[in-house]
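Geometric and topological summary
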Amino acid sequence: MYHYKRLNSDQSFFQKIKNLDYILLTCILILSILSVFIMYSTDGGEFLYHTKSHLTKLVVFFVLMLTISFFNIKFWYFCSYFLYGVIILLLIWVSIYGIKVSGSQRWMNLYFLALQPSELMKIGIILCLAKYYHRVSVEKVNSFTSIFFALTIILIPIILVISQPDLGTSILIALSGLIILWLGGVKIKYFFFSFITFLISLPFIISNLQPYQKLRILTFLDPDRDPLGAGYQIIQSKIALGSGGFSGKGFLKGTQSYLDFLPEKHTDFIFTLFSEEFGFVGSVGLLLLYTVIILRIIQIGSISRSSFARLFCFGFAFAIFIYITVNLSMVLGLLPIVGSPLPIMSYGGSSMLATMIGFGIVMSAKVHNQQTIA
Amino acid sequence: MITRNFTIRKSDIINRRMFIIGAAKLIIFGGLIARLFSLQINDNKKYLTLSDKNRIREWKLPPTRGNITDYFGNIIAGNLKVYQLHIIPEQVENFNYLLSRLKAILNLSIKRIEKIKKERRQLKPWESLVVSENLSWDQFLKINNYLYELAGVKPVMTISRNYPFSDIYTHVLGYVSQPSEDDILANEIIKEKFVPGIKVGKLGLEKTLENDLIGVNDIQRYEVNAYGKRINQLEYQKGKQGTKIRITLDTEVQKLSAELLEGKAGSISVMDIYTGEVIAMYSSPSYNPNSFLFGISTDEWQLIRNNPLKPLINKTLSGLYSPGSTIKPIVALSALENGIIDTKFKVQCKGKIELYEQTFHCWKEKGHGYVSLNNAMKQSCDTYFYEVARKLGVDKLKITAEKFGLGKKVLGEYFENEKAGQFPDTKWKINNLGKGWVLGETLITGIGQGYIQTTPIQLCLMTAQIANGGYKIQPKILTDDNELTSEQVKKAMLDSKINDSYEPLYDDQKNIKIVQEAMFSSTNEIMGTSYKSRIDDPKYQFAGKTGTAQVKRISKRERELDLKTFQIPYEERDHALYVAYGPYSNPRYAVSIIVEHGGSGSSAAAPMATKLFKLIVDRHQYRKKLSDYKEFSI
């Protein structure tokens, strides 16, 4: 019991409820409800498997998010390394016993959910590095050992995820990690030089890519080179978006998705369906909603007293921004197709779980924003 | 304190850096919105079109062919509703069970079942599979009774070609069937309108007039999903039936022709001597064109193909025959025109003449004695025409013969299988056989034997042009509302002042008259070769010329035996021919009859003319009424 008392602040349960961030909560709720309607549309206007499953997961994970937010931010601080370690173990476990689907081994079967540990790692890496930079003093940030450790923390999961293989998620994990390095104060010139090095080594990286990944890049550069094969997804996606027009074709009237022209409409291409049915207005509205969420998270970060909470919030806000940017750029034909879901909107338990955990910790930071961590 | 300062400094760094990426975020979101704007607002039209192209698919249906009618508007090639049975495989629960049920209901053969199974493997599950193209009404009813337990079975009503008069028009109309690859490649219009189930003309007018008859496809617009499955129908665009075509033939006369030639191989053609309209054109035996619509059975096809009377050959247009004595009017006319003979010119017939170390026989062994032109024509004296031909020469004869249409196609633009025949002369023999012309050949050409080959329709045209007073006419098989009626043409030909548009084939019309009179004698005077077939009633009275064409050279021994027709093997019997026109006092129609291996023209062919002229003349008033009405309405 002592342990329990130490980790929790002296706020009562009702005070905590009062301290919840209702702007963020409202936004998440709107997003969730929207996503259920869109999922209903992907099922052809019927209350079928995807919609039911999505709704169930939303309810469960929303409760989980609230639960997480009642734990003191300090608790999450203590758990950070541990959680990171657990996820690393899960990644290793998946690489050995995981379920193989269309050539990549990313999932572990939990019966109620096919868990994708790499999705959880998106949050895990932020937690872990936030704690790391919370502890490293400003002077030592740019020392060789500290950068070395930080990079190791990033590289271990990336190697595991790339070997699944899953380039998209590993890039997202890398970006989420790097942003904490940036926020933590690593010198700009290091980033600059790394970026130059990256550009130089790009040809070597490309030559080492899997054939399907190369194909995706080629297809991105010219989707019309094989319109029925690799270019099909992006062409159909653009057609769906473009034909949506200013106000869209109307709810449940998106012909591209209704007639199955859209690939992966439940998951990565959900935005296309949304945009086909609700048009430019709807899309900008959705983007605004996400912007509000991101800004609110940043705001919560900036009023947090501990660097850990601040780093986590900023990192998570950035991560969400990256997910959205990568997903939208992909469906808009601005980036090659890499598997990256749209937070909350896309069908898929792991991604939603990770996002909800993230929201939960942010909410916890808000509830316990006066908490200092030594 | 140190810790606190440290914390503040750290959060300063974090906040400053957050601000930098916050700005970057705004720029990137701005970029995304700009991209959305360009796709959804600027290029909206382009992508809407692409989206429609994606989801809307057109299905063409077979067009309805235009009807073909006879002169009086009776449909001779029409369209009939047929009942078909389709299966939609994806709606079937147990395919094999369904087939066994259908097999029991429709009496399908095992072969057919195997074929259906094979076809099913080649189709997408939602594409309909045709089990039966032509169900009888009883079968259709039966299927409808069982329909509740036959999931996936679809009775369909569609339209198919139909020839109500069965075989009497086959050689004129041809028939339709599924297009072959060659049909599609040869005709752009078929290629454009092709859909599974379309039928195109394979022969005759159905083929030549394909582009008019074919019509315009019905078009169904469906919304389809990404796999091409039809989701719902958006639009049904009605096509257009092909052009209706009215031909010049009279079904009644055509029917009688078929009746007269029943069981025989031969041809009957009837032509309007003024307009050149073909009134009847029947080649016997014929076959049923309806058999080809849904694919003819092998047995039936073999039966048609192996029939010794050769039903597949259109004898009227592609049968090549020696004209025999039916050429004599032309020989006489040519000799008169060239001033070789006159009506008083006489030849002594002793039954045969010896010339150039050869014996040339007259058909009458005892000979005709001294005969003039009229008598020679009447009795068809060969010796007379040997002498005339000898004096005339084959080259001059050919000029006259060609003027009257021998050696040239008559309806060539409508019938691909028509033959031109040939009328030989000295040049022709050198060029084609490499040998010089022998005078003896002139003699046998004079009685229509030897190298000369004619089609029945040519003989009909020849007779028509003699009958109308020697004017060139253009034979027709399609009606044309803008052309003159028979009456108008007749008037124009008789009125020498305005007859520039009708090219005379004579130098002196008196000669034509002489030949006409000779043909009259041949039919209507005692001793005439077709005297037995005459009609005394001036309303029907006709003039004609018999012909008996040898199929093989008669040997000396055979001549001595003097066999009756029935005693000779079928293939060696003579062809019987008859050409005639009537009514004599006011000529209207020309007829040519040929009965293959029928024996003599006077006994086998001429009697048919008697029946024909009775009908043709009776039908004339109806025909006239129709053309007068047309004249009036213009």
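Residues numbered from 1 in each chain as written. Chains lettered and ligands numbered in written order. Predicted model: local features only at pLDDT ≥ 70, side-chain atom pairs only at ≥ 80, totals over all residues.

1. With respect to the overall build of chain B
When you go through chain B residue by residue, the secondary structure sums to 24 helices and 19 strands. Among the 634 residues that make up chain B, the fraction classed as buried is 43%. Once local pairs closer than 6 in sequence are excluded, the contacts in chain B between residues at least 24 apart make up 74%. (Helix = DSSP H or I, 4+ residues; strand = E, 2+ residues; numbered from the N terminus. Buried ≥ 20, exposed ≤ 12 C-beta atoms within 10 Å, placed from the backbone. Contact = placed C-beta atoms within 7 Å.)

2. Structural notes on the overall build of chain A
If you tally the helices and strands in chain A, you get 15 helices and three strands. Looking at chain A as a whole, 51% of its 374 residues qualify as buried. Sequence separation of at least 24 residues holds for 71% of the intrachain contacts in chain A that already meet a minimum separation of 6.

3. Notes on the packing of helix α5 (residues 73-97) of chain A against helix α6 (residues 117-135) of chain A
Residue and element names in this part refer to chain A. Two numbers describe how α5 lies on α6: the axes approach to 8 Å, and their chain directions differ by 145 degrees. In the packing of α5 onto α6, the handedness of the crossing is left-handed. On the side of α5, the interface is formed by W76, Y77, S80, Y81, L83, Y84, I87, L90, L91 and V94, while α6 contributes P117, S118, L120, M121, G124, L127, C128, A130 and K131. (Axes fitted to C-alpha atoms, helices over the stretch in contact; angles between N-to-C directions. Left-handed = near helix turned anticlockwise from the far one by under 90°.)

4. Looking at the sheet that holds strand β18 (residues 575-582) of chain B
All names here are of chain B. Strand order in the open sheet formed by five strands is β12-β11-β19-β18-β17, and the pairing between neighbours is antiparallel. At either end of the open sheet lies a strand with only one pairing partner, and these are β12 (278-284) and β17 (543-549). Taking each pair of neighbouring strands and ignoring which way they run, the sheet shows an average axis angle of 10 degrees. Relative to strand β19 (residues 589-595), β18 runs antiparallel, the two sharing seven bridges. Paired with L577 across the bridge in β19 is I594. Lying over the sheet, helix α22 (residues 509-524) contacts β17 and β18, oriented at roughly 75 degrees with respect to β17. (Pairing = 2+ DSSP bridges.)

5. So, helix α2 (residues 44-55) of chain B
Residue pairs three or four apart in sequence face the same way in an α-helix, which turns once every 3.6 residues. For α2(B), spanning 12 residues, the distance from its first C-alpha to its last is 16 Å, which sits close to the expected 16 Å at 1.5 Å a residue. Where the residues of α2(B) are buried, they touch α11 (232-244) and α12 (255-258) of chain A together with β1 (56-61) and β8 (218-224) of chain B. (Expected span 1.5 Å × (residues − 1).)

6. Structural notes on unusual backbone geometry
Glycine aside, residues mostly have negative phi, and peptide bonds are mostly found in the trans state. B:S284 connects to B:P285 through a cis peptide bond whose omega is -10 degrees. A positive phi angle, near 70 degrees, is found at A:I344, a position not held by glycine. Looking at the element boundaries, A:I344 is found in the loop between α14 (307-331) and α15 (349-367). Positive phi is not limited to glycine here, since B:N107 has a value of about 60 degrees. Mapped onto the elements of the fold, B:N107 is located in the loop between α3 (95-106) and α4 (110-122). According to the C-beta neighbour criterion, B:N107 is exposed, with 9 such atoms within 10 Å.

7. Here we look at the interface of chain A and chain B
Listed as interface residues are 36 residues of chain A and, on the opposing side, 38 residues of chain B. Every element with two or more residues in the side of chain A that touches chain B is listed here: α8 (167-184), α11, α12, α13 (270-302) and α14 of chain A. Across the side of chain A that touches chain B, the residue classes break down as 19 nonpolar, 14 polar and three charged. (Nonpolar A, V, L, I, M, F, W, Y, C, P; charged D, E, K, R; others polar.)

8. So, the confidence of the model for chain A
Residue and element names in this part refer to chain A. Residue-level pLDDT values for chain A average 87, and 94% of them are 70 or greater. For chain A, the element scoring lowest by mean pLDDT is helix α1 (residues 2-7), at 45; helix α3 (residues 22-42) scores highest, at 94. Across residues 1-8, confidence stays below pLDDT 50; counting only partners more than four residues off in sequence or on other chains, it has four contacts. (pLDDT = per-residue confidence, 0-100.)

9. Re helix α14 (residues 328-337) of chain B
Of all the 10 residues making up α14(B), 10 are buried; the element is thus mostly covered by neighbouring parts of the structure. When α14(B) is considered as a whole, its buried residues turn out to be B:K328, B:P329, B:I330, B:V331, B:A332, B:L333, B:S334, B:A335, B:L336 and B:E337.

10. Considering the confidence of the model for chain B
Predicted coordinates in areas of low pLDDT are best not read in detail. Residue and element names in this part refer to chain B. Scored by pLDDT, chain B has a mean of 87; 97% of the residues are at 70 or more. Mean pLDDT across the elements of chain B bottoms out in helix α23 (residues 556-561) (73) and peaks in β19 (95). We note a pTM of 0.68 for the whole complex and an ipTM of 0.87 for its interfaces.

11. Examining the nonpolar core
Residue and element names in this part refer to chain B. V270, M271, Y581, V591, I593, A605 and A609 are the most contacted members of the largest nonpolar core, which totals 118 residues. Here this core gets nine residues from one element, more than from any other, and that element is helix α24 (residues 601-633). Looking at which domains feed residues into this core, each of domain 2 (59-246) and domain 3 (251-299 + 311-633) supplies at least three. Once residues lying within four places of it in the same chain are set aside, the contact partners of I593 are I268, L577, Y578, A605, M608 and A609. (Core = buried A, V, L, I, M, F, W, Y, C linked by C-beta atoms within 7 Å. Domains from an automatic or database assignment.)

12. Quick word on the sheet that holds strand β9 (residues 230-237) of chain B
Think of a sheet as strands paired side by side through backbone hydrogen bonds, with each pair either parallel or antiparallel. Residues and elements named next belong to chain B. Strand order in the open sheet formed by three strands is β1-β8-β9, and the pairing between neighbours is antiparallel. On the outer flanks of this sheet lie β1 and β9, each paired with one strand and no other. Each adjacent strand pair in this sheet contributes to an overall mean axis angle of 30 degrees, direction not counted. Sheet topology note: the β8/β9 ladder contains six bridges and is antiparallel. Residue pairing in the sheet places E223 in a bridge with N232 of β9.

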